[in-house]
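# Residue-level structural notes
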Amino acid sequence: MTEKIIPNKERLKSIEDNFKAINERIANAAAAANRNVQDVRLMAVTKTVESVYINHAIGLGANLIGENRVQEYLGKKDELMLDGVERHLIGHLQTNKVKQIVGEVDMIESVDSVKLAKEISRVSAIKGLTTNILVEVNVGKEASKSGIYAEELEELLIEISQMENIKIKGLMTIPPICESQAEAGRYFEAMHRAFADIKDKRLPNIDMDILSMGMSGDFEEAVKHGSNIVRVGSAIFGARKYF
């Protein structure tokens, strides 16, 4: 259990205003790209956010949340109003944490290796369920980031697709920090090309339904380039607090 806190009224109002504004910006970005706004989902990223503020966002209509850390999510999930809310793990997942998170979330977005996929498959089989995953692509080939390189993607997808109790639902990426929206757009466009290429090949047991890309600083550009989940944290909840 996390420590009970008295909610700050100004922060509650700020979350309301931010949530409304982000949804409006998503709608405008979708319209500018000739896309249906219903095809783009807003994920409220809850890293370091206290349960009371997450519940406030859920009350405003947030029906998809994303957590980065296994222990943080497990520590506050019992305080969250999660009925009708989809939960994703979006941070790097170590194999030794797989048994703790499988069955606790609806999707793991950060699978980037055969080793991790095998452990998810193994634990899912033990628990008698199928775990939905996204494969994380390191579109900028940054040594500091997780994810597989795009040229290795198809081979990894095919190998994972043959595992039991695990289902590939699409791709996720975090591009490098960019100086402009146009620069970010080049990474998003490359990611969308890879996504579309895999989708066109109709590989067995692989669904290319989800392309998760775009965060607080670049989600509009991501929508322009085909993202259907944007992961927004600080632009909703305010600057993160690190303890």
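Quick look at the structure, then. (Residues numbered from 1 in each chain as written. Predicted model: local features only at pLDDT ≥ 70, side-chain atom pairs only at ≥ 80, totals over all residues. Heavy atoms only, no water.)

This brings us to unusual backbone geometry. Although it is not a glycine, Thr48 adopts a positive phi angle of roughly 65°. For Thr48, the location among the structural elements is in the loop between β1 (41-45) and α2 (51-60). Exposure remark for Thr48: the relative accessible area of 10% places this residue in the buried category. A positive phi is found at Arg202, a non-glycine position, where the angle reads about 50°. (Helix = DSSP H or I, 4+ residues; strand = E, 2+ residues; numbered from the N terminus. Buried < 20%, exposed > 50% of the residue type's maximum accessible area, 1.4 Å probe, protein only.)

Another point: helix α1 (residues 9-32). The end-to-end C-alpha distance of α1 is 35 Å, a good match for the 34 Å that 24 residues give at a rise of 1.5 Å each. If you check which residues of α1 are buried, you get Arg11, Leu12, Ile15, Phe19, Ile22, Ile26, Ala29 and Ala30. Residues of α1 that are buried in the fold lie against β1, α2, α8 (219-224), β8 (229-232) and α9 (234-237). Sitting at the amino-terminal end of α1 is Asn8, which places a side-chain oxygen 2.9 Å from the backbone nitrogen of Glu10. Looking at the residues trailing α1, positive phi occurs at Asn34, about 55°. (Expected span 1.5 Å × (residues − 1). Contact = heavy atoms within 4.5 Å. Polar contact = N/O pair within 3.5 Å; in protein donor to acceptor, adjacent residues only side chain to side chain.)

On to the packing of aromatic side chains. The geometry of two aromatic rings is summed up by the distance between their centres and the angle between their planes. According to the stated counting rule, one finds zero aromatic pairs in the structure shown. Directly above the ring of Tyr53 sits Arg11, whose terminal nitrogen or CZ lies 4.2 Å from the centroid. (Phe/Tyr/Trp six-rings, centres within 6.5 Å; stacked < 30°, edge-to-face > 60°. Lys NZ or Arg CZ within 6 Å of the ring centre and 35° of its normal.)

Here the focus is the nonpolar core. Core analysis: the biggest nonpolar cluster contains 65 residues, and Ile108, Ile120, Ile160 and Leu171 have the highest contact counts within it. Per-element tally for this core: the top contributor is α1, with seven residues. In this view, Ile120 contacts Leu93, Val98, Val102, Ile108, Val111, Thr131, Ile133 and Ile166; residues no more than four positions away in its chain are not counted. Within the second largest apolar cluster, nine residues are counted, among which are Met43, Val45, Ile90 and Ile210. (Core = buried A, V, L, I, M, F, W, Y, C linked by side-chain atoms within 4.5 Å.)

This paragraph deals with the pattern of salt bridges. Counted according to the given criterion, the structure contains 19 salt bridges. A salt bridge links Asp209 to Lys169, with the shortest nitrogen-to-oxygen separation between them at 3.5 Å. Here Asp209 is found in strand β7 (residues 206-212), whereas its partner Lys169 is found in strand β6 (residues 166-173), with 40 residues between them in sequence. Assessed through its relative accessible area of 43%, Asp209 is described here as partly exposed. Through salt bridges with shared partners, a single ionic network connects Lys167, Lys169, Asp207 and Asp209. (Salt bridge = Lys/Arg side-chain N within 4 Å of Asp/Glu carboxyl O.)

Across the 10 residues that make up α2, a large majority, seven, are buried. Burial in α2 covers these residues: Ser51, Tyr53, Ile54, Asn55, His56, Ala57 and Ile58. In this structure, the buried side of α2 is in contact with α1, α3 (70-76) and α9. Once α2 ends, the next one or two residues include Gly61, with phi positive near 125°.

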